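Fold and contact review
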Amino acid sequence: MDICFIPAQEAQTENREKIMQKLQSSLDGLSTSTVQERQKKCGLNIIREKKSSLWLKILHYFWGPIPWMIEAAAILSLIVQHFTDFYIICSLLFINGFVDFLEEFQAGNAIAALKKRLALKCLVKRDNKWIELDASQLVLGDIIRLRLGNIIPADAKLLEGDYLTVDQSMLTGESLPTTKKSGDIVFSGSVVKQGEMNAIVTATGQNTFLGQTTQLVEKAKPVSHFQKAVLKIGDFLIYLSLGLAAILIMVQLSRETPLLELVQFVLILIIASIPVALPAVLSVTMALGALKLSKMKAIVTKLESIEEIAGVDVLCCDKTGTLTQNQLSLGEPVAINNNDKQLPILFASLASQKEVKDPIDQAILKGLKNPAILNTYVQEKFIPFDPIRKRADATIRDAQGKIFYVTKGAPQIILNLCKIESDLAKKMNNAIDTFAQKGHRTLGVARSTDGKTWEFLGLLPLYDPLREDSLETIQHAKEHGIMIKMLTGDNKAIAKEIAHQLNIGDTISTAKDLLDKPEDLQKSSVIDTIEATDGFAEIFPEHKYEIVQALQHRKHIVGMTGDGVNDAPALKQADVGIAVSGATDAARSSASLVLLAPGLSLIIKAIEESRRIFERMNSYSIFRITETIRIMLFIVTSILVFQFYPITAVMIILLALLNDIPIMTIAYDHTLLDIKPVKWQMKRVLTIASILGFFGIISTFLLLFIAKDLLHLDIAHIQSFIFLKLCVAGHQTLFIARTKQAFYTKPYPSKILLTAILSTQVLAALFVGFGILMTAIPWSYIFLIWGYTLLWMLILDRIKILIYKSFNFESKEHQKFLKRIKESFHSNPK
């Protein structure tokens, strides 16, 4: 075969026989050898990203405002013939570039690993067998099955089946789904909203409609809370540094300081003070945290969503598969008119598809005593279950060639379809209620000879055992400030029983009672009820969206689970959309968090791990702001007051280099798990950092007094003295900032962070002790400085604890919410 794709217009107009002939394919699918040949010729089914050349990437690390400032400082050092400064400044430039490269490499590797775990799957026929493969493995001529919730993996021509309802809004901007039938073309990236059909692949990868248009379209990304926080911190430090630098330049020029030396020093000071690595460090912290989450089988789709996951205070979760095992078993059927109880099981089996592996279908098929009887029937047509119709239908031909129709679905839907007598309806409703009180869900089964008049056959009870860890996990979630709200499509009686067993609460509402009309969401009373409700019964996918909106209206950070294509709007609307194990492609693409294993415990673990990641970012932010305030204000004030440089330009560069080493290990630190949801609180961050920075300045000036007036050291020795103090105290500040409790309590620093901090302190001591690039001072003074900084470390740590205790940054509304959670937990200690 000489082609790698068929143009969409040609594929649309040609009949299927010609297309299959042209693609040298059949309904049995391609052979493995043919697939290998086509992959070799046409490549994988992927849209390749545009990659920069290696040299451009390398130059990128030396291009921009901060590298320009370092390069300017290096040139000025050459002009004034400070060659030692020049070599060290160049070292700073290359080390900064290396750190940027390393952090980008780590983040890139983590993100690539996450993308690999989230690769789209598709059902494809190869060697006359249906198998599930990564969508990237598709080739021209493959026979694929498209069904509800799939993201279409390649351009394809529809072959067999009734219809597909396809959402093409991502490609065409059409707001309404489009109905496609046999012979029509569907495009890669579209979402199947209804129906199920087989199709033949006509274009893959870059040759698809999506591949040809991707390079023309760029979506504007909204600024996340994380990015806003980084910008606020960065702006605060940049304005502070530039303001102090301007004052310093004006005063020193009035003192007739040589201009070139002054500009060189100020440039170096600004470089050391501005948080160049702040965005990179925080991004790497999130990327490595996301990689750890992936090992727990929880995949973060956007790094920025880790912040939202850490802040979740309300988690709306589906009952089935999250709170229960999603391993349905068939109970004792209820058959009418003394019919054989195998009869409703048989006709429900005929309205099932064995190869799809649907859990309900599998439970029904297992209940059939004689599975071989199915071989005497042929399923001519099948309409799968969808959440709107709440039933599955099939057209069947028996051994005599007669056609009849079968359906199974929600019992109320089937009872209404059959229009049975009131006495029988009452009896069936009583049976449904009895099953519900046991926590069982029920299916109705019916048959018809003409597809219009239906005969009710009976009820099939199905039960799904609770997950063993659900009760313990819910209690654990409540203790950590997370309110669980259960969502189920089952009736109120089942919802109440399950909620009671799990100690979720007894306030259960039906969605239709609360959200009968769109305008109901505008009513404060309805929102109050939603906020107070422990569980929602008889839920439709659109109700999830409205529940999320109502809770967000009250400023809650809402997590919402979902698995179907119709859950996608709610998952997008939620602060944290969670696609549960086995979710459709459409749900996964809309979610912030994709679970690869079932159960509520995995969600709670993901939230807890996200809080730890957030604490690492918060700790680093406090440390970085503290350091900038402490170093910049001290140096500028010293120059203005004492009219000499307390440390040299070389020392500032060394200080920046030594600070980079522990910063690179922050992503691996151990952190305390906050017992309540967390979020960026810039007022708290800036207050704590400013106070710690202020006291750090006082401690440095006090040591300057000791060196100058008590020890009577000259300027060169004072500079070495102050350099060591700033270096050692700075790293000790990291110990203080990393926890809200005393620095010597658990969790202790990770080995890699502790090693990095201690090694840089020893290295700084060696520079000072042996006089490398500075004047040497006696080792007795070095030990004096270490003892002095340790004393201040204890003082600053106590000040930090007092700040956390003295300032209450939680809103009254949030405090009330947490109080209600605790009261709910203690009033039901089951």
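Located above this text is the structure these notes cover.
Right, let's talk about the pattern of salt bridges for a bit. Tallied over the full model, the rule gives 20 salt bridges. Residue lysine 292 is joined to glutamate 609 by a salt bridge in which the shortest nitrogen-to-oxygen separation is 3.7 Å. With lysine 292 in helix 11 (residues 278–295) and glutamate 609 in helix 25 (residues 600–642), this pair connects stretches of sequence that are 317 residues apart. By relative accessible area, lysine 292 is classed as partly exposed at 43%. Residues arginine 554 and aspartate 528 are paired through a salt bridge, measuring 2.5 Å at the closest nitrogen-oxygen approach. Here arginine 554 is found in the loop between helix 22 (541–553) and strand 21 (558–562), whereas its partner aspartate 528 is found in helix 21 (residues 524–532), with 26 residues between them in sequence. A relative accessible area of 18% means that arginine 554 is categorised as buried.

Another point: the nonpolar core. Counting residues in hydrophobic clusters, the biggest one holds 117 residues, and the most contacted among them are Leu600, Ile635, Ile647 and Phe723. When residues no more than four places from it in sequence are discounted, the contact partners of leucine 600 are Leu315, Cys317, Thr322, Leu323, Thr473, Ile474 and Ile484. Within the second largest apolar cluster, 25 residues are counted, among which are Val526, Ile530, Phe536 and Leu571.

This part is about the packing of helix 21 against helix 22. At a closest axis distance of 9 Å, the pairing of helix 21 and helix 22 adopts a crossing angle of 100 degrees. Comparing their axes, helix 22 and helix 21 come out roughly perpendicular. Residue-level contacts link Ile527, Ile530 and Glu531 of helix 21 to Ile547, Ala550, Leu551 and His553 of helix 22. Residue composition of the contact of helix 21 with helix 22, by class: 5 nonpolar, 1 polar and 1 charged.

Moving on to the sheet that holds strand 9 (residues 298–300). Reading across the sheet, the 8 strands line up as 9-23-22-21-10-18-20-19 and stay open at both edges, with mixed pairing between neighbours. Here the strands that pair on one side only, and so sit at the sheet edges, are strand 9 and strand 19 (508–510). Averaged over all neighbouring strand pairs, the angle between strand axes comes to 20 degrees, with direction disregarded. Direction of pairing for strand 10 (residues 314–318) relative to strand 21: parallel, over a ladder of 3 bridges. Note on strand 21: the bridge partner recorded for leucine 315 is glycine 559. In the packing of helix 19 (residues 492–502) onto the sheet, contacts are made with strand 18 (483–487), strand 19 and strand 20 (535–537), and the angle to strand 19 comes to roughly 155 degrees.

Here helix 22 is 13 residues long and its end C-alpha atoms lie 19 Å apart, about the 18 Å a rise of 1.5 Å per residue gives. Turning to helix 22, its buried residues are Pro541, His543, Lys544, Glu546, Ile547, Val548, Ala550, Leu551 and Gln552. At the exit of helix 22 stands lysine 555, carrying a positive phi of roughly 70 degrees.

Another point: the state of the cysteines. Enumeration according to the criterion identifies 1 disulfide in this entry. Two residues, cysteine 4 and cysteine 42, share a disulfide whose sulfurs are 2.1 Å apart. Residues cysteine 4 and cysteine 42 share a disulfide whose torsion about the S-S bond is about -85 degrees; that sign makes it left-handed. Here cysteine 4 is found in the segment before helix 1 (8–13), whereas its partner cysteine 42 is found in helix 3 (residues 32–42), with 38 residues between them in sequence.

With that out of the way, let us pick up the side chain of serine 619. Looking at the element boundaries, serine 619 is found in helix 25. Taking the relative accessible area as the measure of exposure, serine 619 reaches 7% and is therefore buried. Within the structure, the side chain of serine 619 is placed 2.8 Å from the backbone oxygen of glutamate 615, a separation counted as a polar contact. Every residue in contact with serine 619, bar those within four places of it in the chain, is listed here: Ala737 and Arg738.

With that out of the way, let us pick up helix 21. If you check which residues of helix 21 are buried, you get Val526, Ile527, Ile530 and Glu531. What you see down the axis of helix 21 is that its buried residues fit within an arc of 135 degrees, all on one side.

All right, on to empty space enclosed by the protein then. One pass over the full model with this rule turns up 7 cavities of 30 Å³ or more. Put simply, the largest cavity is a space of about 90 Å³. The wall of the largest cavity is formed by Arg630, Gly696, Ser699, Lys725, Ala729, Gln732, Thr733, Ile736, Thr789, Trp792, Met793 and Leu796. Going through the elements one at a time, helix 27 (682–710), helix 28 (715–737) and helix 30 (779–806) are the ones with two or more residues in the lining of the largest cavity. By residue number, the principal contributor to the lining of the largest cavity is helix 28, which donates 5 residues. In terms of residue class, the lining of the largest cavity is built from 5 nonpolar, 5 polar and 2 charged.

A separate point is the environment of alanine 477. Relative to the elements of secondary structure, alanine 477 occurs in helix 18 (residues 470–479). Considered as a pair, alanine 477 and isoleucine 607 are 130 residues apart in the sequence and their alpha carbons are 9.5 Å apart. If near-sequence neighbours (up to four positions away) are discounted, alanine 477 is found in contact with Ile482, Ile484 and Ile604.

Take the environment of lysine 341 next. Within the secondary structure layout, lysine 341 lies in the loop between strand 12 (334–335) and helix 14 (342–350). Given the relative accessible area of 40%, lysine 341 is considered partly exposed. Spatially, the C-alpha atoms of lysine 341 and leucine 459 are 9.5 Å apart, while their sequence positions differ by 118 residues.

Enumeration over the complete set of coordinates arrives at 12 aromatic pairs. Each ring, one from tyrosine 377 and one from phenylalanine 404, has its centre 6.0 Å from the other, and the planes form 85 degrees; the classification is edge-to-face. With tyrosine 377 in the loop between helix 15 (359–366) and strand 13 (378–383) and phenylalanine 404 in strand 15 (residues 403–409), this residue pair connects regions lying 27 residues apart in the sequence. For tyrosine 377, a relative accessible area of 21% translates into the label partly exposed. Linked through ring pairs, Phe634, Phe642, Phe644 and Phe701 together constitute an aromatic cluster. The ring of tryptophan 130 has arginine 145 lying over it, and the distance from NZ or CZ to the ring centre is 4.6 Å. Its guanidinium or amino end placed over the ring of tryptophan 454, arginine 391 lies 5.8 Å from that ring's centre, counting from NZ or CZ.

Of the two faces of strand 22 (residues 576–579), the one carrying Val576 and Ile578 and the one carrying Gly577 and Ala579 are both buried. With 4 bridges joining them, strand 21 and strand 22 adopt parallel strand pairing. If you follow glycine 562 over to strand 22, its bridge partner there is alanine 579. Note: strand 22 against strand 23 (residues 593–595), 2 bridges, orientation parallel. Within strand 23, the residue paired with alanine 579 across the bridge is valine 594.

Definitions and limits used
Residues numbered from 1 in each chain as written. Predicted model: local features only at pLDDT ≥ 70, side-chain atom pairs only at ≥ 80, totals over all residues. Heavy atoms only, no water. Salt bridge = Lys/Arg side-chain N within 4 Å of Asp/Glu carboxyl O. Helix = DSSP H or I, 4+ residues; strand = E, 2+ residues; numbered from the N terminus. Buried < 20%, exposed > 50% of the residue type's maximum accessible area, 1.4 Å probe, protein only. Core = buried A, V, L, I, M, F, W, Y, C linked by side-chain atoms within 4.5 Å. Contact = heavy atoms within 4.5 Å. Axes fitted to C-alpha atoms, helices over the stretch in contact; angles between N-to-C directions. Parallel < 35°, antiparallel > 145°, perpendicular 65-115°, else oblique. Nonpolar A, V, L, I, M, F, W, Y, C, P; charged D, E, K, R; others polar. Pairing = 2+ DSSP bridges. Expected span 1.5 Å × (residues − 1). Disulfide = S-S within 2.5 Å. Polar contact = N/O pair within 3.5 Å; in protein donor to acceptor, adjacent residues only side chain to side chain. Arc of directions from axis to C-beta. 1 Å grid on protein atoms, 1.4 Å probe; cavity = no way out; pocket = protein on both sides within 12 Å on 5 of 7 lines; lining within 4 Å. Points joined across faces, edges and corners; volume = space filled by probe spheres on them. Phe/Tyr/Trp six-rings, centres within 6.5 Å; stacked < 30°, edge-to-face > 60°. Lys NZ or Arg CZ within 6 Å of the ring centre and 35° of its normal.

Interpretation note: all reported values are geometric properties and have no functional meaning in isolation.
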